[in-house]
Amino acid sequence: MIDKLLAWWRNRPLTAPIPDGVWQRVVGSLPFLAALSAEEQARLRRLAREFLSKKEFTPVGGVVLNDEMCVSIAAQGCLPILELGLDYYRGWVGMIVYPDEFVIPRSIEDEFGVVHEYDERASGEAWSGGPLLISWRDAQMAGSGYNVVIHEFAHKLDMLSGEADGVPPLPAGLPRAEWEGVLLAAYEDFAARVEAVRDNVAELPFDAYAAENRGEFFAVMSEAFFETPLVLRAEYPALYAQLTAFYRQNPAARSAASASGTASDCAYN
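As the structure is a computational prediction, the values presented were derived from the model and not from experiment. (Residues numbered from 1 in each chain as written. Predicted model: local features only at pLDDT ≥ 70, side-chain atom pairs only at ≥ 80, totals over all residues. Heavy atoms only, no water.)

1. Regarding the pattern of salt bridges
And step 1. Summed over all chains, the structure comprises 13 salt bridges.
And step 2. A salt bridge links aspartate 20 to arginine 45, with the nearest nitrogen and oxygen atoms 2.5 Å apart. One end of the pair, aspartate 20, is in helix H2 (residues 20-29); the other, arginine 45, is in helix H4 (residues 38-54), with 25 residues separating them in the sequence.
And step 3. Taking relative accessible area as the criterion, aspartate 20 reaches 48% and is therefore assigned partly exposed.
And step 4. A salt bridge links aspartate 189 to arginine 193, with the shortest nitrogen-to-oxygen separation between them at 3.8 Å. Of this pair, aspartate 189 and arginine 193 both sit in helix H8 (residues 176-196), four residues apart, which is roughly one turn of that helix.
And step 5. One salt-bridge network, held together by shared partners, links Asp165, Arg176, Glu180 and Arg214. (Salt bridge = Lys/Arg side-chain N within 4 Å of Asp/Glu carboxyl O. Helix = DSSP H or I, 4+ residues; strand = E, 2+ residues; numbered from the N terminus. Buried < 20%, exposed > 50% of the residue type's maximum accessible area, 1.4 Å probe, protein only.)

Structure representation (structure tokens):
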């Protein structure tokens, strides 16, 4: 199945659309995609199609990929660049999909120069200049505030300006000092909240992993921006405004419109 699918993607005309049934099932399974306007969904569909034509999916660990899995990953991964363009994912081609969490060998040098090696279990990983790794089991948890696909693609955006430090390439009119000031204030506040409820992180509005460092904070807040935007806007309005300026989207307006049964084609309402 996967051989036929990938051969189709690579050999079809670039204008060939994603099949209607596949697209409708993917969008219908993900509330944050269903909340997009018809015009936004159409553009996301074209962007996902182009992404699939340029990236290479590799299944490992016994996972069997099918068309809906590939389209789901592509659609979620392309949502952050809906208003930015596919060039923001330049410099890499590999998408490696595992069935579940996977092990990554790590090494760290301590203050005495001794290197310690260990294995870390992960649900996703973004390598600078290299592939993006995803656990399909975790990818299926999308829709309630946890989104490993958006998380790892946010790291890819962050890495465009160097290391994953929470500062992606910023648009004109958004000074780095202003971005860092807002990001750092929110990060330090959230880290303090994590420490205060260390034994009961379920009380937190976002994944406690966001307190790991600024890069992880940006990635987790990007998940929240697209999946639970009303929560993020309520908790950290200044950060929400910064992310709105960076991504050029306003998911909170979409959520409000979806809840009221109305639709809007404007990304900045």
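2. Regarding the pairing of strand E6 (residues 132-135)
And step 1. What you see with E6 is no split at all: Leu132 and Ile134 on one side and Leu133 and Ser135 on the other are buried throughout.
And step 2. Relative to E6, strand E5 (residues 124-126) runs antiparallel, the two being bridged by three bridges. If you follow glutamate 125 over to E6, its bridge partner there is leucine 133.
And step 3. Between E5 and the antiparallel strand that follows it, E6, lie five residues; glycine 129 among them carries a positive phi value of about 75°. (Pairing = 2+ DSSP bridges.)

3. What to know about the confidence of the model for the chain
And step 1. With 83% of its residues at a pLDDT of at least 70, the chain reaches an overall mean of 88.
And step 2. Counting contacts from residues 4-15, a segment whose pLDDT is below 50, to residues more than four positions away or on other chains yields 16 contacts.
And step 3. Across residues 263-269 the pLDDT falls below 50, and counting only partners more than four positions away or on other chains, this stretch makes 17 contacts in the model. (pLDDT = per-residue confidence, 0-100. Contact = heavy atoms within 4.5 Å.)

4. Thoughts on the nonpolar core
And step 1. With 74 residues, the main nonpolar core has Leu33, Phe51, Leu232 and Tyr247 as its most contacted residues.
And step 2. The leading source of residues in this core is helix H9 (residues 214-227), at eight residues.
And step 3. When neighbours within four sequence positions are excluded, leucine 232 is seen to be in contact with Phe206, Met221, Ala224, Phe225, Pro237, Leu239, Tyr240 and Leu243. (Core = buried A, V, L, I, M, F, W, Y, C linked by side-chain atoms within 4.5 Å.)

5. Some remarks on the environment of phenylalanine 190
And step 1. Relative to the elements of secondary structure, phenylalanine 190 occurs in helix H8.
And step 2. Of the residues examined, phenylalanine 190 reaches a relative accessible area of 0% and is grouped as buried.
And step 3. Phenylalanine 190 sits 45 residues away from glutamate 235 along the chain, and the two C-alpha atoms are 9.8 Å apart.
And step 4. Filtering out sequence-adjacent residues up to four positions away, phenylalanine 190 remains in contact with Leu204, Pro205, Phe206, Asp207, Ala208, Ala210, Ala211, Phe217 and Tyr236.

6. Considering the environment of valine 194
And step 1. Mapping valine 194 onto the fold places it in helix H8.
And step 2. Filtering out sequence-adjacent residues up to four positions away, valine 194 remains in contact with Leu204, Ala208 and Ala211.

7. A word on the packing of aromatic side chains
The way to describe two aromatic rings as a pair is by their centre distance and the angle between their planes.
And step 1. Here the structure, examined in full by the defined rule, presents 18 aromatic pairs.
And step 2. Relative to phenylalanine 246, the ring of tryptophan 179 has its centre 5.9 Å away and its plane inclined at 65°; by these criteria the two rings are edge-to-face. With tryptophan 179 in helix H8 and phenylalanine 246 in helix H11 (residues 237-247), this pair connects stretches of sequence that are 67 residues apart.
And step 3. Classification of phenylalanine 246 by relative accessible area gives buried; the value is 2%.
And step 4. Taken together, the aromatic side chains of Trp179, Phe218, Phe225, Phe226, Tyr240, Phe246 and Tyr247 make up a single cluster linked through ring pairs.
And step 5. Stacked on the ring of tryptophan 92, the Lys or Arg lysine 55 has its end atom at 4.1 Å from the ring centre. (Phe/Tyr/Trp six-rings, centres within 6.5 Å; stacked < 30°, edge-to-face > 60°. Lys NZ or Arg CZ within 6 Å of the ring centre and 35° of its normal.)

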